[in-house]
There are 2 protein chains.
Amino acid sequence: MAKNSVGIVETKYFTFAQKESEYLELDSGRRFGPITIAYEIYGEMNLAKDNVVLICHALSGDAHVAGYYGEVGQKPGWWEDAIGPGKAIDTDKYFVVCSNVIGGCSGTTGPASIDPSTGNHYGSHFPVVTIGDMVKGEEALIRYLGIQKLLAVVGGSMGGMQAIEWALRYPDALLSAVVIASTSRLSPQSIAFDAVGRNAIISDKNWLNGNYYNKELPSNGLSIARMIGHITYLSDQSMHKKFGRRLQSKDQFSYDFSNEFQIESYLDYQGNKFVERFDANTYLYITKAMDYFDVAKVYGEGSLEKALEKVKARMLLLSFTSDWLFPPYQSKEMVDALLKHKKDVTYFNIESSYGHDAFLLEVERESEIIRKFLSATYEKFAGNKRA
Amino acid sequence: MAKNSVGIVETKYFTFAQKESEYLELDSGRRFGPITIAYEIYGEMNLAKDNVVLICHALSGDAHVAGYYGEVGQKPGWWEDAIGPGKAIDTDKYFVVCSNVIGGCSGTTGPASIDPSTGNHYGSHFPVVTIGDMVKGEEALIRYLGIQKLLAVVGGSMGGMQAIEWALRYPDALLSAVVIASTSRLSPQSIAFDAVGRNAIISDKNWLNGNYYNKELPSNGLSIARMIGHITYLSDQSMHKKFGRRLQSKDQFSYDFSNEFQIESYLDYQGNKFVERFDANTYLYITKAMDYFDVAKVYGEGSLEKALEKVKARMLLLSFTSDWLFPPYQSKEMVDALLKHKKDVTYFNIESSYGHDAFLLEVERESEIIRKFLSATYEKFAGNKRA
């Protein structure tokens, strides 16, 4: 087994909302079911069931946050650096759960799933879901696992939105939330990038109003959406360092339209790699859920301060100085609002040149902070030790 | 006639490089002709021919920089606010010339033009051109008009690149250059945005390897490219002011994939409007020319300082604090390099929230600076007054 890894893991499945009477009421008002949640677990739940950490994934993530499928040494889970024995989220101490979001394409019910009422893929008939709906799915899973109160909900980017949503929707169901490189609502600029990505998918000739399954996929559109995304995940500074204006193979311009700058090849590669593993419709649904996310609107009648008054969890917020997708000021707004209500909040704006991607790259700096925060929460507040 | 307008104007045409022996040698090494340049002129050339100001346009601009076609009150030229009797570039004093760039789609020879050797549109057979090649075309026009020395070459964004190129390629042919919201080379981030835009066009099913003329146009791809462009022309701050997270028509989410945020409708509108007037292939060629632009590489063996040593013109550089496409640091780099050689350089970093678009919007603040700079150049250096 790889050192400090949870080792070989497998994805599990849980299905709920199976009968029409049990359908999940979505934020749109539509009732929907059945819903299967793909999830993974690592570590051991203790008898008091007070050592449970829920990890929430970002746009392109999945339930496979740590360990390896089939064989150690293969591509590990997406946050392998942070989760495992002795790591920041220490599986020797904590029982870790991670699930794929509703609307996703990695095992949980989403637009690529088969609609049992028709026998066809949902496609565009899949309901529009929100971050709140994703969290309802996670809550159903947590209840199913017999857990009353989570030690922490942890997530970066869209995962951080879920952590915030947990703290507002189920304030008594978690002791703490760790919100990394996230926001209480997207800026118009971020909505704009999402909208253009969706436009690229929808105008791909293969999209066919979302009913492309078993046909040619709208890969061009999804690839373009992903390229746009990648630009926003990096920073000007990190692009200078990583690519500069360097050409692919020589110093002379080719005077044609091939990918000659290294940054062009990088984006092309990222776009092509993404379409192999991700569903275009899921990209539409998940970006829409992010655009809709607006804590002030949903919980505070337009006021972030009013919304965050509902928080009971200890909050840890981390932002990164060069993140221009969810810039530090958006974290600071939340911190200020929480402090107005004298909430238990800790905030670090971490110096980094990696842009939004820093939340997956600055693991060492994050790790120490998260380790201490979880540990203090567990020691002081979990189970019987709770005040 | 509208007050302070040059009034009704018309586009003129000039053709050169007609015989194979006179073909223009492009920076790629390819020889190309014939080339027709579309241009407009305003004001009167004086007898000394020392009052000529050449305006260079940006990506989506054209020769029609001031006045009206057909009827005053119609949509004016793209910099009507700055050019006219009594305005910053005062047509009572100066003779103003503006031409469409080579590779363009507004009268000058470009990929949509007919290749006389085949009788078909050039399409992808059009040669890749550079900012240097565009400037060679402008120089041919200026010679044709009998002008030995320009009072000033003025441009914003890609127009500013042309002004810099003029100062390096023909250092004795201009007394001054006005470089607004521009750069000596694109950052990898800007190249990345261009590359994704080109990708969107090239993967449009109607692009047909560039041979779509007289068929369905690759409008979806071009529209997406333009939307990406518009995001980069605004700033996060100006988007907050202009659109915020406001919805189109009501306060409730529609829970579908329509354009419900105002920013989505804005981008959609800009995309649709653009495809009515702009050629997709020109978008490919012009963005490529911008990506290639690299003063240090072409003129300084990699050193910007070395490259700018060749400048003889008085230089005025303007940047805008919120411009993140061609950020102020890129202007400052040029200013520093020019100052190292004790060149005559004036620089203003103008406080503005409008982002890159500021160069077309902050006309009042620009105007005073440009007016004084041109006037001083004319009074002190033009014609007989030259030292």
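The structure under discussion appears in the preceding block.
Residues numbered from 1 in each chain as written. Chains lettered and ligands numbered in written order. Predicted model: local features only at pLDDT ≥ 70, side-chain atom pairs only at ≥ 80, totals over all residues. Heavy atoms only, no water.

Caption draft 1: Geometry of the sheet that holds strand β4 (residues 35–42) of chain A. Residue and element names in this part refer to chain A. Spatially, eight strands are ordered β1-β4-β8-β5-β11-β12-β13-β14 in an open sheet, and the strand pairing comes out mixed. Of all the strands in the sheet, the pair left with one neighbour each is β1 (12–16) and β14 (345–350). Mean inter-strand twist for the sheet, computed between neighbouring axes without regard to direction, equals 20°. Contacts between helix α1 (residues 131–144) and the sheet are confined to β1, β4, β5 (52–56) and β8 (95–99), with β1 contributing the most and set at about 105° to the helix. (Pairing = 2+ DSSP bridges. Helix = DSSP H or I, 4+ residues; strand = E, 2+ residues; numbered from the N terminus. Axes fitted to C-alpha atoms, helices over the stretch in contact; angles between N-to-C directions. Contact = heavy atoms within 4.5 Å.)

Caption draft 2: Spatial organisation of the side chain of A:N206. All names here are of chain A. Structurally, the position occupied by N206 is in the loop between α3 (188–202) and α4 (219–233). Relative accessible area serves as the criterion here: at 13%, N206 is assigned to the buried category. With near-sequence residues (within four places) excluded, N206 lies in contact with Y212, E216, L217 and P218. (Buried < 20%, exposed > 50% of the residue type's maximum accessible area, 1.4 Å probe, protein only.)

Caption draft 3: Local environment of unusual backbone geometry. For the peptide bond that leads from A:G33 to A:P34, omega is -10°, which places it in the cis range. With respect to the element layout, A:P34 can be found in the loop between β3 (31–32) and β4. In this model, A:N209 sits at a positive phi of 55°, which is unusual for a non-glycine residue. Along the chain, A:N209 turns up in the loop between α3 and α4. A positive phi angle, close to 50°, is found at B:E301, a residue other than glycine. Mapped onto the elements of the fold, B:E301 is located in the loop between α8 (295–300) and α9 (304–308).

Caption draft 4: Molecular detail of the packing of α3(A) against helix α7 (residues 280–292) of chain A. All names here are of chain A. Closest axis-to-axis distance for the α3/α7 pair is 10 Å, and the angle between their directions is 160°. Here α3 is positioned roughly antiparallel relative to α7, judged by the angle of their axes. Crossing geometry of α3 relative to α7 is assigned as left-handed. From α3, I191, D194, R198, I201 and I202 reach across to α7, where they touch A280, Y283, L284, T287, K288, M290 and D291. Its residues placed into classes, the contact of α3 with α7 shows seven nonpolar, one polar and four charged. (Parallel < 35°, antiparallel > 145°, perpendicular 65-115°, else oblique. Left-handed = near helix turned anticlockwise from the far one by under 90°. Nonpolar A, V, L, I, M, F, W, Y, C, P; charged D, E, K, R; others polar.)

Caption draft 5: Here's a closer look at the packing of helix α3 (residues 188–202) of chain B against helix α4 (residues 219–233) of chain B. Residues and elements named next belong to chain B. Where α3 meets α4, the closest approach of the two axes is 7 Å, and the angle between their N-to-C directions is 160°. By the angle between their directions, the pair α3 and α4 is classed as roughly antiparallel. Like other packed secondary-structure pairs, α3 and α4 cross with a definite hand, here right-handed. Seen from α3, the contacting residues are F193, V196, G197, A200 and I201; seen from α4, they are G221, L222, I224, A225, I228 and T232. In terms of residue class, the contact of α3 with α4 is built from eight nonpolar, three polar and no charged.

Caption draft 6: Spotlight on the pattern of salt bridges. All names here are of chain B. As enumerated under the stated definition, the model contains 36 salt bridges over all chains in all. Taking the shortest distance from any N to any O, the salt bridge between E368 and R371 comes out at 3.3 Å. Within this pair, E368 and its partner R371 are both found in helix α12 (residues 363–381), separated by three residues, close to a single helical turn. (Salt bridge = Lys/Arg side-chain N within 4 Å of Asp/Glu carboxyl O.)

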